[in-house]
Amino acid sequence: QVQLVESGGGLVQAGDSLRLSCAASGRTFSNYVMAWFRQGPGKEREFVARISRTAGTTYYADSVKGRFTISRDNAKNTVYLQMNSLKPEDTAVYYCAASSAYYGLSLSGNYNYWGQGTQVTVSS
């Protein structure tokens, strides 16, 4: 069982950077693929980025590729999302999630644990 708490959201201007953190409680953090999803106003929740259990591989949605970087520190039970060159369309509630699966890891339904979300608002 894992409990996740996101932090680091806020109001920024287009072109700014922001770093989100997700702190996990539990003794088996390294057993999970970690991911970030987001849900913008009037939109469905969408995949943003994920990172493998040992941080060896990452995968990004096309919309954030080259701008966002996901990382994890298993010793600190923390996953991060560095967001650069933010755009108004990045405005959303960002959720941290954990999965024990090995397939379908861009799908929210395959994640068992979720944080409460942190709001990111990018103004133009």
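Our subject is the structure that appears above.
Only a predicted model underlies this, so the values are computations on that prediction, with no experimental measurement involved.

Next up on the list: the pairing of strand S1 (residues 3–7). Burial of the side chains of S1 is restricted to one face: Leu4 and Glu6 are buried, whereas none of Gln3, Val5 and Ser7 on the reverse face is. In the sheet, S1 pairs with strand S3 (residues 18–25) via five bridges, with the strands oriented antiparallel. Across the sheet, Glu6 pairs through a bridge with Cys22, a residue of S3.

Turning our attention to the sheet that holds S1. Reading across the sheet, the four strands line up as S1-S3-S8-S7 and stay open at both edges, with antiparallel pairing between neighbours. The sheet terminates laterally at S1 and strand S7 (68–73), the two strands that pair on one side only. Between one strand axis and the next, the sheet turns through 15° on average, direction left out of account. Across six bridges, the pairing between S7 and strand S8 (residues 78–83) is antiparallel. If you follow Phe68 over to S8, its bridge partner there is Met83.

Cut-offs and rules
Residues numbered from 1 in each chain as written. Predicted model: local features only at pLDDT ≥ 70, side-chain atom pairs only at ≥ 80, totals over all residues. Heavy atoms only, no water. Buried < 20%, exposed > 50% of the residue type's maximum accessible area, 1.4 Å probe, protein only. Helix = DSSP H or I, 4+ residues; strand = E, 2+ residues; numbered from the N terminus. Pairing = 2+ DSSP bridges. Axes fitted to C-alpha atoms, helices over the stretch in contact; angles between N-to-C directions.

The analysis is restricted to geometry; functional conclusions fall outside its scope.
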